[in-house]
Amino acid sequence: MQKLDYLNILESPIQSFLISVEKVAHVQPNNTLEHALLILIKSGYTAIPVLDTDFKLHGLISKAQILDSILGLERIEPERLQTTTVSEVMTTSLARMKNDERFERALSYSINHPFICVENEYGEFLGIITRSKLLAHVNGYLHANKKTK
Ligand code: AMP
């Protein structure tokens, strides 16, 4: 049986999977939770990056974190949406890579993270790589190799 050239796919550069910064929905650390929730609902995404005006990455904010933050003891307290900022609720625990890294690392991050944030050598945010794009590439690769058997 012919062996797949695993190294080939694992060493592919990640640039070709990048959704570039202009196409990435994001919010800023000092935005209110109300604004963040509007962006999340309108975009249809579960979580989005938090970037400052210099496009530096600060964290991620999700619908679940926002809903959790307005949960009072006996009722939901929506008034908190206007008085709480994104930076008070966001998580700083996220998957991040440099743009010159390889597919292998992105694939292993994608097991636990729906998307990976990509930065350049100066720490500027360049965009994201999604789990669906990585899986589509693996799927295409495995099928292409199946045909050559
Ligand atoms: P997908 O694999 O396409 O379902 O994307 C996984 C996750 O990546 C989504 O749930 C979002 O949290 C995030 N995401 C995908 N595309 C974008 C985008 N254009 N802007 C912001 N976040 C995105």
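About the cut-offs
- Residues numbered from 1 in each chain as written.
- Predicted model: local features only at pLDDT ≥ 70, side-chain atom pairs only at ≥ 80, totals over all residues.
- Heavy atoms only, no water.
- UniProt positions renumbered as here; feature names shortened; annotations may be inferred.
- Helix = DSSP H or I, 4+ residues; strand = E, 2+ residues; numbered from the N terminus.
- Buried < 20%, exposed > 50% of the residue type's maximum accessible area, 1.4 Å probe, protein only.
- Contact = heavy atoms within 4.5 Å.
- Pairing = 2+ DSSP bridges.
- Right-handed = clockwise from strand over helix to strand, strands pointing away.
- Near = heavy atom within 4 Å.
- Polar contact = N/O pair within 3.5 Å; in protein donor to acceptor, adjacent residues only side chain to side chain.
- Areas by Shrake-Rupley, 256 points an atom, 1.4 Å probe, with all protein chains shown as cover.

Re the UniProt feature "domain: CBS" (unreviewed entry) in the chain
- As recorded in UniProt, the sites labelled "domain: CBS" (unreviewed entry) are residues 18–79.
- A helix fraction of 29% and a strand fraction of 21% characterise residues 18–79, whose end C-alpha atoms lie 37 Å from each other.

Notes on the side chain of Glu 77
- Tracing the backbone shows Glu 77 in the loop between helix H3 (63–69) and helix H4 (80–83).
- On the basis of relative accessibility, which here comes to 19%, the residue Glu 77 falls in the buried class.
- If we skip the residues at most four places from it in the chain, Glu 77 touches Ile 70 and Gly 72.

Let's talk about the environment of His 137
- Inspection of the secondary structure assignment puts His 137 in helix H7 (residues 131–147).
- A relative accessible area of 29% means that His 137 is categorised as partly exposed.
- For the pair His 137 and Ile 9, spaced 128 residues apart in sequence, the C-alpha to C-alpha distance is 9.0 Å.
- Setting aside chain neighbours within four positions, we find His 137 in contact with Ile 9, Ser 12, Phe 17 and Phe 103.

Quick word on the pairing of strand S5 (residues 115–119)
- Most of S5 sits out of view: five of its five residues are buried.
- Where strand S4 (residues 96–98) lies against S5, three bridges are found, and the strand directions are parallel. Its bridge partner lying in S5, Lys 98 is registered against Glu 119.
- This β-α-β element, S4 to helix H6 (residues 103–109) to S5, shows right-handed connectivity.
- The sheet contact formed by S5 and strand S6 (residues 125–130) spans five bridges and is antiparallel.

Notes on the site of the ligand
- Around the ligand lies a shell of 13 residues, among which Lys 23, Ala 25, Tyr 45, Ala 47 and Ser 132 are the nearest.
- At a separation of 2.9 Å, a nitrogen atom of the ligand approaches a polar backbone atom of Lys 23.
- Within the side chain of Tyr 45, one N or O atom sits 3.2 Å away from a nitrogen atom of the ligand.
- When the ligand is considered free in solution it has 480 Å² of accessible area, and contact with the protein chains removes 78% of it.
- Of all the secondary structure elements, the ones that give two or more residues to the shell around the ligand are strand S2 (47–51), S6 and H7.

Things to note about the environment of Pro 114
- Within the secondary structure, Pro 114 sits in the loop between H6 and S5.
- Separated by 98 residues in sequence, Pro 114 and Ser 16 have C-alpha atoms that sit 17 Å apart.
- Contact partners of Pro 114, with chain neighbours within four places excluded, come to Ile 129, Thr 130 and Arg 131.

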